[in-house]
Amino acid sequence: MIVVTGATGNVGRTLVRLLAEAGEPVTAVSRNITESDVPQGVPAVAADLADPASLRPALDGADAMFLLISGDFTSAVGDPSGVIGDLLDDAKARGVGRIVLLSSQGVATRPHSPSHGIMGQSIEDAVRRSGMDWTILRPGGFASNAYAWAESVRTRRAVAAPFGDVGLPFIDPADIAEVAAAALRVDGHVGQVYELTGPALTTPRQRAEAIGDALGEPIRFTEQTREEARAQMLEFMPEPVAETTLAIIGEPTPAEQRISPDVERVLGRAPRTFADWARHNAAAFR
């Protein structure tokens, strides 16, 4: 049986569905999950990873786990590696032998960033020390970040974003979920670190245009200044996270703009484009 944490998120929700459709016994875990959040027949367990004991009911009979650590978790527990270590020890003692961690590209590209590199590396290290078979996924930016534009697109057919012509290879979360499903179900992925990106660089201006194409209506794009974007970000994220995010989207390193072959290597097909994502999720912008 496979336990999926973060089961109501953009990656976890799809992963639960993929595993269930493949006939895998799966238990979905999230802090506020209900039966309406999961496919019929999939157990839903409400648990908080900051309290490892709350996860125990989901671990009974499990042999594999998908681990997603949210930003809320890392800000709440202080030293996440210790709590994660306890969680992993508990999981191993209950029979979990395989773990797939959703980490971040920033562990490699921003190693000195407290919010991206240092914290992520400490969690990866805990997974490596767990004694379980592990696979680490390091995605770059998510195509689903464009949901932040949904209200302005719905109400004004407009998007405002900084660095309008700076490209990054955003990835469809569905591709991350498919790679995770393969790593959980198929041998050959143990000890691998996969960098997950989309197939091409896209700019904020191009992503807004792709959403307009999916809707069949033009979207007006306005380029924000860095200061305007920073003020907006500080409304919902800590300052260090905002600063690192602005650095990535405004002055990405060559590694952050690199197109990784790992999605195709694992799935045998190219990753989906941002335009694919926009067409599939157009209802959110109508």
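Preceding this section is the structure that the text describes.
Just so we're clear, the structure is a prediction, and the values are computed from it rather than from any experiment.

K.L.:
I would appreciate a short explanation of the overall build of the protein chain in the present structure.
P.N.:
Along the backbone of the protein chain there are 14 helices and nine strands. Against the compact-globule benchmark of 19 Å for 286 residues, the protein chain has a radius of gyration of 19 Å, which places it among compact chains. Judged by the C-alpha coordinates and their principal axes, the protein chain covers about 55 × 40 × 35 Å. Here the protein chain holds 286 residues, and the buried ones make up 52% of them. In the protein chain, once contacts between residues fewer than 6 apart in sequence are set aside, the share between residues at least 24 apart is 74%. Summed over all atoms, the accessible surface of the protein chain reaches about 12,900 Å², with 49% contributed by carbon and sulfur.

K.L.:
How should the sheet that holds strand E4 (residues 64–68) be read in this particular structure?
P.N.:
The strands that make up a sheet are held in pairs by hydrogen bonds between backbone atoms, and each pair lies either parallel or antiparallel. If you trace the seven strands from one edge of the open sheet to the other, you get E3-E2-E1-E4-E5-E6-E8, paired in parallel fashion. Every interior strand has two partners, whereas the edge strands, strand E3 (44–46) and strand E8 (193–196), have only one. Across this sheet, the average inter-strand angle for adjacent strands is 20°, counted without regard to direction. In the packing of helix H1 (residues 12–21) onto the sheet, contacts are made with strand E1 (2–5), strand E2 (26–30) and E4, and the angle to E1 comes to roughly 160°. Here helix H6 (residues 114–128) sits on the sheet in contact with E4, strand E5 (98–102), strand E6 (133–139) and E8, set at roughly 160° to E6.

K.L.:
Just checking my understanding: could you explain the pattern of salt bridges for this structure?
P.N.:
In a structure, side chains of opposite charge can pair up when their charged atoms sit close to one another. Applying the stated criterion to the full structure yields 24 salt bridges. Close ionic contact of Glu-195 with Arg-258 constitutes a salt bridge, the shortest N to O distance being 2.8 Å. In this pair, Glu-195 is assigned in strand E8 and Arg-258 in the loop between helix H12 (254–257) and helix H13 (262–267), connecting sequence segments 63 residues apart. Take Arg-258: its relative accessible area is 40%, and that puts it in the partly exposed class. Across the salt bridge formed by Glu-243 and Arg-230, the nearest N and O atoms sit 2.5 Å from each other.

K.L.:
Help me understand the side chain of Thr-197, please; the structure alone is not making it clear to me.
P.N.:
Relative to the helices and strands, Thr-197 is located in the loop between E8 and helix H9 (204–215). Classification of Thr-197 as buried rests on a relative accessible area of 0%. Of the polar contacts made by the side chain of Thr-197, one reaches the backbone nitrogen of Ser-260; its length is 3.0 Å. With near-sequence residues (within four places) excluded, Thr-197 lies in contact with Gln-105, Pro-169, Ile-171, Arg-258, Ile-259, Ser-260, Val-263 and Pro-271.

K.L.:
Looking at this model, I keep getting lost on the environment of Ala-242. Mind explaining?
P.N.:
As for its position among the elements, Ala-242 is in helix H11 (residues 239–250). A relative accessible area of 0% means that Ala-242 is categorised as buried. Not counting residues up to four positions away in its chain, the partners in contact with Ala-242 are Met-233, Leu-234 and Met-237.

What counts, and at which threshold
Residues numbered from 1 in each chain as written. Predicted model: local features only at pLDDT ≥ 70, side-chain atom pairs only at ≥ 80, totals over all residues. Heavy atoms only, no water. Helix = DSSP H or I, 4+ residues; strand = E, 2+ residues; numbered from the N terminus. Rg over C-alpha atoms; globule rule 2.2 N^0.38 Å. Buried < 20%, exposed > 50% of the residue type's maximum accessible area, 1.4 Å probe, protein only. Contact = heavy atoms within 4.5 Å. Areas by Shrake-Rupley, 256 points an atom, 1.4 Å probe, with all protein chains shown as cover. Pairing = 2+ DSSP bridges. Axes fitted to C-alpha atoms, helices over the stretch in contact; angles between N-to-C directions. Salt bridge = Lys/Arg side-chain N within 4 Å of Asp/Glu carboxyl O. Polar contact = N/O pair within 3.5 Å; in protein donor to acceptor, adjacent residues only side chain to side chain.

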